[in-house]
Amino acid sequence: MGVGVRWSAVRADLPASLVVFLVALPLCVGIAVASGVPVELGLVTGVVGGLVVGLMPGSSLQVSGPAAGLTVLVAEAVDRYGLAGLGTIVLVAGLLQIGLGLLRLGRWFRAITVAVVHGMLTGIGLLLVAGQLHVLAGADAPPTGIAGLTGLPAVVGAVTGSGTARVSLAVGVATLVLMLLWDTMPRRPGLVPGALVAVVAAAGVSAVLRLPVDTIEVAGLLAAIEPSFGHWTALTDPGLLATIVTFALVASAESLFSAAAIDRMHDGPRTDFDRELVAQGTGNTVCGLLGALPMTAVIVRSSANVRAGARTKASRVLHGMWLLLFVAAVPGLVGLIPMPALAAVLVHAGCKLLPWRVLPELWREHRGEAVVLVVTAAAILGTDLFTGVLVGLGLAVAKTAWETSHVRVTVHDDADPVHVAISGNATFLRLPTILTTLDGLPDDRRVRLDLGGLRHVDHACRAALDTWIETQNRNADVGVQVVTPRPAQDDRPRPVPAAD
């Protein structure tokens, strides 16, 4: 076969592809609705993720499609630039990803601190939950995260004062409860995910009882797709360019972090990060040309693929084929799905993004990392995804610089000369501490300055130490004896070491 699949592997990949299809179907639809675009565009992205990215080299088992992590960003882009602008953004972001992969920069995405990643996912999860709680009550999702949080009291008021809102909330809550119960059942059918069961049940009950809840509007696949080669004149807008860079970086980071996680779940070939980045960029380029949602590798679908026993990339290609056949054969079934049921699926997905276990562990072991996580999430809630991630990265860099500049200055003045030992990393961040201690030494006694414990001295500290030593040595009765690391055969004092 063209994708390098043996028939012996197909027997494992075929049932795995059905599992991934059943997991992907409600998520593709729900993410499209939450993003403010026609539901068909979410399904198109799922099809492209299977049939295009699924055939390409990179990672063999992770599955691509529309991701909850980009929902907020897409909704903001659609609100500001419209569907036509979204197509241009996704197209150019895909080309940027291809360029980064060809330049072999994919591996560098692993350099980002885990705290920032979890902070980004936490912020996205909170935005998703806050927005979809409004939809559970039959209202429209608010345009911003702050509006979603501050508007929750109004949702409570609407539920208490409106029978329609209470029915909508009941459908959503019942869907959420059924999902949770299904996932805890010890003998549930392994091929059927809880989200699909709950959505189908909600659609059936709502249709039979004719409940007054909003359902999804379906226009048809061909009617929703608006092929475009991009509106290149719009690239003169700095805001659009910033959005493109944000899409490319966030989608790339999420895909490559997912690949690293999936690699730990199986014993097959490891991911080639640069090739995977090219594959993701190719998929986003095609999605941009079709005017569809952007894609990333999705950890939920990918982990379901591995757990279902997939062995090769055939499973993800087949999952794209099942999505395409479903959209072509029975598109009308999507129109029966109640909006609060989809909102419940997205609330469930958003809650899974929250760091229920990670944050307590970070607080116990690395409180600085926990602070970075919380600040990143809060910045995303208060501003936007791009700004929030930049704030988190800046704080992480500042924290690392502060920690790596740790220096210890020890003074023993019970003998002559006074013994001063400086150890650690002497950088400009700690220069005030060093000079305050040195300037506080007795003026009428000699000093033995031990620099043997220094691992690094930057230019600012070296210059300040040299100046202090020269000043002290002008007094012949006092003076400074400098001791630095010595080779075994050389007992002579050495000058202050240069910066690494």
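Going by the structure above, here's the rest.
Keep in mind that this is a model prediction, so the values were computed, not measured.

### As for the nonpolar core
Soluble, globular proteins show a tendency: their nonpolar side chains are buried together. Grouped together as the largest cluster of nonpolar side chains are 81 residues, with contacts concentrated most on Leu86 and Phe247. Counting residues in each nonpolar core, the second largest holds 21 residues, with Val420, Leu431, Ile434 and Leu441 among its members.

### Thoughts on the pairing of strand E5 (residues 447-457)
In this structure, strand E4 (residues 418-426) lies alongside E5, joined through eight bridges in parallel fashion. Its bridge partner being in E5, alanine 426 is matched across the sheet by valine 457. One crossover worth recording links E4 to the parallel E5 by way of helix H18 (residues 431-439), and it is right-handed.

### Things to note about the pattern of salt bridges
All chains considered together, the criterion is met by four salt bridges. The partner of arginine 275 in a salt bridge is aspartate 272, and the shortest N-O contact between them spans 3.9 Å. Residue glutamate 369 is joined to lysine 399 by a salt bridge in which the shortest nitrogen-to-oxygen separation is 2.8 Å. Separated by 30 residues along the polypeptide, glutamate 369 in helix H16 (residues 367-382) and lysine 399 in helix H17 (residues 385-404) bring together distant segments of the chain. Given the relative accessible area of 16%, lysine 399 is considered buried.

### Looking at the packing of helix H10 (residues 238-263) against helix H12 (residues 299-307)
Packing of H10 against H12 leaves a shortest axis separation of 10 Å and a crossing angle of 20°. One finds that H10 runs roughly parallel with respect to H12. At the point where H10 passes H12, the crossing takes the right-handed sense. On H12, the residues that touch Ser258, Ala261 and Ile262 of H10 are Ile299, Ser302, Ser303 and Val306. Per-class residue counts for the contact of H10 with H12 are four nonpolar, three polar and no charged.

### Examining the sheet that holds E5
The mixed open sheet is built from four strands, whose spatial order is E3-E4-E5-E6. Two strands close off the open sheet at either side, each with one partner strand: strand E3 (407-412) and strand E6 (480-483). Neighbouring strand axes in the sheet, compared pairwise and without regard to direction, differ in orientation by 15° on average. In this structure, E3 lies alongside E4, joined through six bridges in antiparallel fashion. The residue of E4 that forms the bridge with arginine 408 is serine 423. With respect to the sheet, H18 is in contact with E3, E4 and E5, its orientation differing from that of E3 by roughly 10°. Helix-sheet contacts for helix H19 (residues 459-473) involve E4, E5 and E6, and the interaxial angle to E5 is about 170°.

### Here we look at a nonpolar patch on the surface
Together, Trp363, Val371, Val375 and Val391 make up an exposed nonpolar region whose accessible area comes to about 310 Å². Note on placement: tryptophan 363 falls in helix H15 (residues 358-365).

### Thoughts on H12
Taken as a whole, H12 has its buried residues at Arg301, Ser302, Ser303, Ala304, Asn305 and Val306. In the segment just after H12, glycine 309 is the residue with positive phi, at about 95°.

### Some thoughts on the environment of valine 278
Residue placement: valine 278 occurs in helix H11 (residues 273-290). On a C-alpha basis, the gap between valine 278 and valine 53 in space is 9.3 Å, while along the polypeptide they are 225 residues apart. Ignoring sequence-local partners within four residues, the contact set of valine 278 consists of Met56, Ile98, Gly101 and Leu102.

### Regarding the packing of helix H4 (residues 114-136) against helix H14 (residues 339-352)
Between H4 and H14, the least distance of the axes is 8 Å, while the angle of their chain directions is 160°. In terms of axis orientation, H4 runs roughly antiparallel to H14. The crossing of H4 and H14 is left-handed. Taking contact as the criterion, the partners of Gly125, Leu128, Val129, Gln132, Leu133, Val135 and Leu136 in H4 are, on H14, Met339, Pro340, Ala343, Ala344, Leu346, Val347, Gly350 and Cys351. Here the contact of H4 with H14 is built from residues that sort into twelve nonpolar, three polar and no charged.

### Some remarks on helix H8 (residues 194-209)
With 16 residues, H8 extends 22 Å from end C-alpha to end C-alpha; this agrees with the ideal 22 Å at 1.5 Å per step. For H8, the complete set of buried residues consists of Gly194, Ala195, Leu196, Val197, Ala198, Val199, Ala202, Ala203 and Ser206. Of the residues one or two after H8, arginine 210 is the one with positive phi, at around 55°.

Analysis parameters
- Residues numbered from 1 in each chain as written.
- Predicted model: local features only at pLDDT ≥ 70, side-chain atom pairs only at ≥ 80, totals over all residues.
- Heavy atoms only, no water.
- Core = buried A, V, L, I, M, F, W, Y, C linked by side-chain atoms within 4.5 Å.
- Buried < 20%, exposed > 50% of the residue type's maximum accessible area, 1.4 Å probe, protein only.
- Pairing = 2+ DSSP bridges.
- Helix = DSSP H or I, 4+ residues; strand = E, 2+ residues; numbered from the N terminus.
- Right-handed = clockwise from strand over helix to strand, strands pointing away.
- Salt bridge = Lys/Arg side-chain N within 4 Å of Asp/Glu carboxyl O.
- Axes fitted to C-alpha atoms, helices over the stretch in contact; angles between N-to-C directions.
- Parallel < 35°, antiparallel > 145°, perpendicular 65-115°, else oblique.
- Left-handed = near helix turned anticlockwise from the far one by under 90°.
- Contact = heavy atoms within 4.5 Å.
- Nonpolar A, V, L, I, M, F, W, Y, C, P; charged D, E, K, R; others polar.
- Patch = residues over 30% accessible without salt bridge, like charges linked within 9 Å, V, L, I, M, F, W, Y side chains within 5 Å.
- Areas by Shrake-Rupley, 256 points an atom, 1.4 Å probe, with all protein chains shown as cover.
- Expected span 1.5 Å × (residues − 1).

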